[in-house]
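# Results of the structural survey
The chain contents come next:
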Amino acid sequence: MCDLDSIPDALREQTRERCQSVISVAGRALQDHPDLLSVLPRVTCCSRFVAETAIRDPESFAELVRSGRLLKQCAPDEENIVATVTGAGDEAEQMKELRRIRRTEMLRIAWRDLAGWADLDETLTDLSLFADACLRAALVSSTATLNERCGHALDHDGQPQTLIIVAMGKLGGNELNFSSDIDLVFLYPEAGETSGPRVLSNEEYFTRLVRRLIRMLDTATGDGFVFRVDARLRPFGKTGALVYSLAAFESYLQQHGRDWERYAYVKARPVTGSERAHEALHGLMRPFVYRRYLDYGVFESLRDMKELIEQEVLRRELENDIKLGPGGIREIEFIAQSLQLIRGGSKPQLQTRELEKSYAALKTAGLIEADAANVLLDAYRFLRRLENRLQALDDRQTHEVPRDEQDRQRIAFSMGFEHWNALSKELIRHRTAVSEQFAVAAFGPAGSSDGTDTFKALWVAGLDGDTVGEIGRAGYPDAERATAALEHLRNSRLYANFGKRGRNRLDALISPLVRDAASTPQPEETLERVLRIIEAVGRRTAYLALLNENPPVRERLVKLCGQSAYLADQIARHPLLLDELIDPRVFTELPQRDRLNTDLEERLSAFLPDDLENRMEALRQFQQAAMFRIAVADLADLLPLMRVSDRLTDVAELVLEQCVRTAEEHMRVQYGTPQCGDDLHPTGFAVIGYGKLGGIELGYESDLDLVFLHDSEGSTQKTSGPKIVDNRVYYARLGQRIIHLLSTPTASGRLYEVDMRLRPSGNAGLLVTSAQAFEHYQQNEAWTWEHQALLRARPVAGDTRVADRFAELRRKPLSQPRDTDRLRADVAQMRQRMLDESATTPAGQFDLKRDRGGITDVEFLVQYWILRHAHAEPDLLDWTDNIRQLETLSARGILRPDTADTLGASYRSYRQRLHRLWLDGAGTRVAATEFTAQRKAINALWKEVFEGIQVL
């Protein structure tokens, strides 16, 4: 007999009777499994359903025991379920068999859960898989019966169509609970008609099919039911058709879809239908649910939903309901799904149906604090376990804690507590924590204007004569200038064309913007920049909602506009950058290459490899967001100068690598792999970065100086097909495609301006050069200035073998002995030519890049010294950046340490100032009174080296 010592005293006698009854009907099947006997008291104590099902159908229970499926994790056998149901005879027999299978499978899942052998994930997954299997079994059965009378439903090509069952809610998320309804939407691919003998339209055919399928699952017979089916989430709800074509469904979403339906479709999952149909369904649902841009425009709807939840709790007195009551499962789901709805379009990693995965993604994205997410997930797991234990007690759909004392004791025991009070205390703790998080979720009423309603009244009234005085009192030294900026927006076409919602949002935003800008060092400039952004983004009023609903984002925006004209301009041109300001870590965490790469991979993962248009957009959005974060860190003095350039270079390299990969994938579909030699071995391609990219010194608006190389050589050079072309043709087209990816403007702008003039023979040369030809050119034909450029060149993307070969062939021409006088004359002549061709700097100004004593002079000096001495000191060629080249020149005794320090410090100062000028939108010139000591020292060195004049 079983050991009943662990069973609570009040439940022990009832449990003993149940155990005896189960053992008596199970026979030796149970006696031969001591592990099952050891947990039998616990399981039958906690679930009357398990005990009664085993007693009612001893044959099925005995088979379950003999098969070992109670003892080990094993998913429902869908193939066997479908075969068993469809082979059972007529509809009545099939329904009877389906219900028997349901009782047996639910017994198995409940047993493993209550015995402590299955964790929550296994239980929810098995319940969901079983529901999927029942749906498919009912569909196969119903389809076979209907097809006998009406033939197959055909598409326009005469091919049979399959019903698409879309699981919603918990089934959609693979999180079904023990006695849950299943929420379903029914679709079919396209209009048409059946093949006969009785011809029906596809709409009528699939309507009949769905009705039969629901009847098989939902009808309560003497054997019970399988699943209650709820189809109210379909278009137009209970008044709508039972089934829709994909075209009709898409039309509904576009014309009638509401925000609560977007919320519901976060969890939508197709269970049946072809892969092609699933892709089509995903393609029309994704843009409906996840808006391409940051979707704070849905805030009002989410607030309404939240208020309805709160009102329902009060109205229905749901205190004892662990799903719908305060601090219940619904509130945990609402927080996650709402954030997914708002942010999922711009962050594809949030587009997941499973709640636990969504919280993990929200944490990673910084959209919810880790502690808050952990509190909510702990509560979710506790409440879902409790929900299953409540429902497994009698296989009854309930979410209320029991009032009966014995049942309370059973539930407490099933949850691992000694008594009900201990369970109740833990339940209250979790629900209180959830309620606190739900209360502070960002869907409450928008904040007040903190006493600045005067500005709103003036704005709405049309900015009358009192405005200048009020603006001045608010802290604007030039109140007339600030008022003029407000009047420009108030009188703009944007404001005139606003609908009621957009105008209300802007009216509410003006007061806090005026207040926030007044606290910056240059309030008039800041306000002008902010209002330009508002005018640029205002047509998408969701951004106005974002700034109204999220004061920290608004404050960060104003702060950045006060610091940087460049960033203000970037936000105006690319409103998606407002998304970056939601994460407070943008001001505290340093951008790192590995995180940048992860961000890029996540953005691209949302699109198939052949979806070139969206992948190009994702690349541009990544680049803009990454450069924005780098600029913010730069302004906050979180990144020193060299690290700013490092990160900007990282962004360019990551983008280049993706462009090369994308271009090669597209080329190989058409042409196959480029091969060469007698053995037709694969060839490689690499991108060489020159200039600022090669020197790891990119600025915010730097072009990319590039050279393309391949290593194809020999008498045989051709692609593998399907379309065979000469490798030179292949690589020329590959290069053109890469340039197209980098420089073609899209809705989000262009990635980079590309300059290919440094390739052999410049614009007259081949777009892509073989490594062999490149080496010959550099050894025999290149000018001195081309070797100067080569000093700053390095591989940045593509095949590592070609990159290694470039590194070797680069050193040969650079390390050759040179005639010093000739070298000096060549370098000086090229510098003078640059000066002659550049625009004249106005009197009283100094161009940091181009003028004498500036950045270019430092670079030319360093390049001269390296080319002069590299034949004797080859390690001078190890680095491509100016600072480390200077350090190596000093270490080898070619430069005095004080000279190298002076040049290095000047170079850093110039570049630091350039970065700040870029961020402030101020070009490359400063007052001639700046950097006088640096310019004097550099000019003296130039005269000493190139003119033989000792100045100092």
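The following refers to the structure shown. (Residues numbered from 1 in each chain as written. Predicted model: local features only at pLDDT ≥ 70, side-chain atom pairs only at ≥ 80, totals over all residues. Heavy atoms only, no water.)

### Re the side chain of histidine 915
In this structure, histidine 915 sits in helix α40 (residues 897-919). Residue histidine 915 is classed as buried on the basis of its relative accessible area, which comes to 2%. Those residues in contact with histidine 915, other than ones at most four positions away along the chain, are Asp634, Leu641, Val644, Ser645, Leu648, Leu698, Gly699 and Tyr700. (Helix = DSSP H or I, 4+ residues; strand = E, 2+ residues; numbered from the N terminus. Buried < 20%, exposed > 50% of the residue type's maximum accessible area, 1.4 Å probe, protein only. Contact = heavy atoms within 4.5 Å.)

### Focus: the sheet that holds strand β10 (residues 717-719)
Taken together, three strands build an open sheet; the order of strands is β7-β6-β10 and the sheet is antiparallel. Strands at the two margins of the open sheet, each flanked by one partner only, are β7 (681-682) and β10. Two elements, strand β6 (residues 674-676) and β7, share two bridges in a ladder whose sense is antiparallel. Following the sheet pairing, glutamine 675 is matched in β7 by proline 682. Along the sheet face, helix α33 (residues 727-743) touches β6 and β10 and points at about 145 degrees away from the line of β6. (Pairing = 2+ DSSP bridges. Axes fitted to C-alpha atoms, helices over the stretch in contact; angles between N-to-C directions.)

### A look at the packing of aromatic side chains
For the coordinates displayed, the defined rule picks out 23 aromatic pairs. The interplanar angle of 75 degrees and the centroid separation of 6.4 Å between the aromatic rings of tyrosine 265 and phenylalanine 288 together place this pair among those described as edge-to-face. One end of the pair, tyrosine 265, is in helix α12 (residues 259-265); the other, phenylalanine 288, is in helix α13 (residues 275-289), with 23 residues separating them in the sequence. Residue classification places tyrosine 265 among the buried residues on the basis of a relative accessible area of 6%. Its relative accessible area of 5% is what places phenylalanine 288 among the buried residues. An angle of 45 degrees between the planes, with centres 5.5 Å apart, marks the rings of tyrosine 566 and tyrosine 700 as tilted. Remark: tyrosine 700 occurs in the loop between α32 (691-694) and β9 (704-710) and tyrosine 566 occurs in helix α28 (residues 565-573); sequence separation between them is 134 residues. Taking relative accessible area as the criterion, tyrosine 566 reaches 6% and is therefore assigned buried. Among the residues examined, tyrosine 700 registers a relative accessible area of 4% and is labelled buried. (Phe/Tyr/Trp six-rings, centres within 6.5 Å; stacked < 30°, edge-to-face > 60°.)

### Some details on the packing of helix α14 (residues 299-316) against helix α15 (residues 329-343)
Following both chains from N to C, one finds α14 and α15 inclined at 175 degrees, their axes separated by 11 Å at the closest point. With respect to α15, the element α14 is oriented roughly antiparallel. Two secondary-structure elements touch here, α14 through Phe299, Leu302, Met305, Lys306, Ile309, Glu312 and Val313 and α15 through Arg330, Phe334, Ser338, Leu341 and Ile342. (Parallel < 35°, antiparallel > 145°, perpendicular 65-115°, else oblique.)

### A word on helix α36 (residues 800-814)
In this model, α36 (15 residues) spans 22 Å end to end at C-alpha, consistent with the 21 Å of a helix rising 1.5 Å per residue. For α36, the complete set of buried residues consists of Val802, Ala803, Phe806, Leu809, Arg810, Pro813 and Leu814. Along the long axis of α36, the arc covered by the buried residues comes to 130 degrees, so they all point the same way. Across α36 from its buried face, at more than 90 degrees, point the exposed residues Thr800 and Glu808. Against the buried residues of α36 lie β8 (685-690), β9, α34 (771-780), α35 (784-790), β13 (794-798) and α38 (855-869). (Expected span 1.5 Å × (residues − 1). Arc of directions from axis to C-beta.)

### Some words on the pattern of salt bridges
Following the criterion strictly, the structure yields 72 salt bridges and no others. Arginine 792 serves as the salt-bridge partner of glutamate 859, at 3.6 Å between the closest nitrogen and oxygen. Remark: arginine 792 occurs in the loop between α35 and β13 and glutamate 859 occurs in helix α38; sequence separation between them is 67 residues. Neither residue differs from the other here; glutamate 859 and arginine 792 are each classed as buried. One salt bridge connects glutamate 947 with lysine 943, and the closest N-O pair in it is separated by 3.9 Å. In this pair, glutamate 947 and lysine 943 are both assigned in helix α41 (residues 932-947), four residues apart and thus about one turn of the helix distant. With a relative accessible area of 43%, glutamate 947 lands in the partly exposed category. Linked through salt bridges whose partners overlap, the residues forming this network are Arg593, Arg647, Asp650, Glu653 and Arg794. (Salt bridge = Lys/Arg side-chain N within 4 Å of Asp/Glu carboxyl O.)

### Re the pairing of strand β2 (residues 182-188)
Where a strand is regular, its side chains alternate between the two sheet faces. Along β2, six of the seven residues are buried, which leaves the element largely enclosed by surrounding structure. With four bridges joining them, strand β1 (residues 164-167) and β2 adopt antiparallel strand pairing. Each bridged residue has a counterpart across the sheet, and for alanine 167 the counterpart in β2 is leucine 184. Sheet analysis places β2 next to strand β3 (residues 229-230), joined by two bridges and oriented parallel. Note on β3: the bridge partner recorded for isoleucine 182 is valine 229. The parallel pair β2 and β3, bridged by helix α10 (residues 202-218), forms a crossover whose chirality is right-handed. Strand direction decides the pairing type here: β2 and strand β4 (residues 243-245), joined by three bridges, are parallel. Considered in β4, the bridge of phenylalanine 186 is made with valine 243. (Right-handed = clockwise from strand over helix to strand, strands pointing away.)

### A short note on unusual backbone geometry
Glycine 196 connects to proline 197 through a cis peptide bond whose omega is 10 degrees. Looking at the secondary structure, you find proline 197 in the loop between β2 and α10. Here the amide bond leading from glycine 721 into proline 722 is cis, since omega sits at 20 degrees, within 30 degrees of zero. With respect to the secondary-structure elements, proline 722 resides in the loop between β10 and α33. Of note in the backbone geometry, asparagine 174 takes a positive phi value of approximately 55 degrees without being a glycine. Its location among the elements puts asparagine 174 in the loop between α9 (169-172) and β2.

Functional significance is not addressed by these values, which are geometric in nature.
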